[in-house]
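Per-entry structural report
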Amino acid sequence: MTIREIQKILDAEVCCGEELLDREVHTACGSDLMSDVLAFVKDQAVLLTGLCNPQAIRTAEMMDIVCLVFVRSKVPTDTMIELARENDLVILSTKLAMFPSCGLLYENGLRGGSRI
Amino acid sequence: MSDAIVLKYDVPGDDFTRAGEASSDIKQKLRKMGIPPEAIRKVAISMYEGEINMVIHAHGGQITVEITPEDVDMLLEDHGPGIADIEQAMQAGFSTAPEDVRGLGFGAGMGLPNMKKYSDEFSIESEVGVGTTVHMKVRF
Ligand SMILES: Nc1ncnc2c1ncn2[C@@H]1O[C@H](COP(=O)(O)OP(=O)(O)OP(=O)(O)O)[C@@H](O)[C@H]1O
Ligand SMILES: [Mg+2]
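Residues numbered from 1 in each chain as written. Chains lettered and ligands numbered in written order. Predicted model: local features only at pLDDT ≥ 70, side-chain atom pairs only at ≥ 80, totals over all residues. Heavy atoms only, no water.

Thoughts on the overall build of chain A
Looking only at helices and strands, one finds five helices and six strands in chain A. In chain A, the succession of α and β elements from N to C terminus is α-β-β-α-β-α-β-α-β-α-β. For chain A, the C-alpha radius of gyration of 12 Å lies close to 13 Å, the compact-globule estimate for 116 residues. By principal-axis analysis of the C-alpha atoms, chain A measures approximately 30 × 30 × 25 Å. A burial count over chain A gives 55% of its 116 residues as buried. (Helix = DSSP H or I, 4+ residues; strand = E, 2+ residues; numbered from the N terminus. Rg over C-alpha atoms; globule rule 2.2 N^0.38 Å. Buried < 20%, exposed > 50% of the residue type's maximum accessible area, 1.4 Å probe, protein only.)

Laid out in structure tokens, this is it:
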């Protein structure tokens, strides 16, 4: 699935990374606890989170996550967008809550990452 | 040794928004050096967890990173409150993080287990009232 498809499915707004929307995403993860996210290896993953702070961007950076989705209409600050741009990270913002967001992506064929 | 690079970072203890800058810098340097992405990710995750721990539990500290052609060696030292029971702290899910830290996305009690899992060598020493030292190595 591409990031553009994710954007359509979640009817999301693109906060940054417009030029990277055709990138492929293989797995997804939904969590508000960053070290829970860091516990799993994911390949070209999208992270869905309700946690809207610089640490969410940092965590995505450390994991080589390609796309971050803020659920429940949360929008990143300018500092966060700058940090995301430096790391070629796409940020989307959807009005949907966490559960329906994950459910819609799952229904459309996206799966979770693997445990090591 | 001529082919080792040593980098030192001061991790500020009072600014949570800046936590992760040291790990981010190392990650970029390793990428420029052409280190395999899997090894970079292991270094980035284990160092980031250690850096966050310094900020949320120990009012900051110092990180010394040594990069050689074979591996990355990370030494994380702080003069925070120390850990009374290391075995307990190492358990997945154990956390003393206060509620405000949980609201920021930390306090799952997964940091130390992650550091152990992602590094090839891991050791931790701590004394209550003196501080904590974590040593990790990731081989390429
Ligand atoms: N540098 C440190 N100084 C003092 N105490 C520490 C330090 N690092 C860890 N601890 C103690 O060990 C516990 C477990 O650490 P760990 O990193 O596994 O989880 P956490 O930091 O609480 O949550 P998470 O890492 O999942 O966000 C901490 O809650 C804290 O009590
Ligand atoms: Mg921790």
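Structure's up, so let's keep going.
Considerations on the interface of chain B and chain A
The interface is formed by 26 residues belonging to chain B together with 22 residues belonging to chain A. When the buried area of chain B at its contact with chain A is split by residue, K27, R41 and Y48 of chain B rank highest and sum to 27% of it. Inspection of the chain B/chain A interface yields one salt bridge. Between D64 of chain A and K27 of chain B there is a salt bridge, with the nearest N and O atoms lying 2.5 Å from each other. The tally of links between chain B and chain A comes to 14 residue pairs in polar contact (both at pLDDT 80 or more). Residues belonging to the side of chain B that touches chain A are distributed by class as follows: 11 nonpolar, nine polar and six charged. (Contact = heavy atoms within 4.5 Å. Buried area = accessible area lost by both parts, 1.4 Å probe. Salt bridge = Lys/Arg side-chain N within 4 Å of Asp/Glu carboxyl O. Polar contact = N/O pair within 3.5 Å; in protein donor to acceptor, adjacent residues only side chain to side chain. Nonpolar A, V, L, I, M, F, W, Y, C, P; charged D, E, K, R; others polar.)

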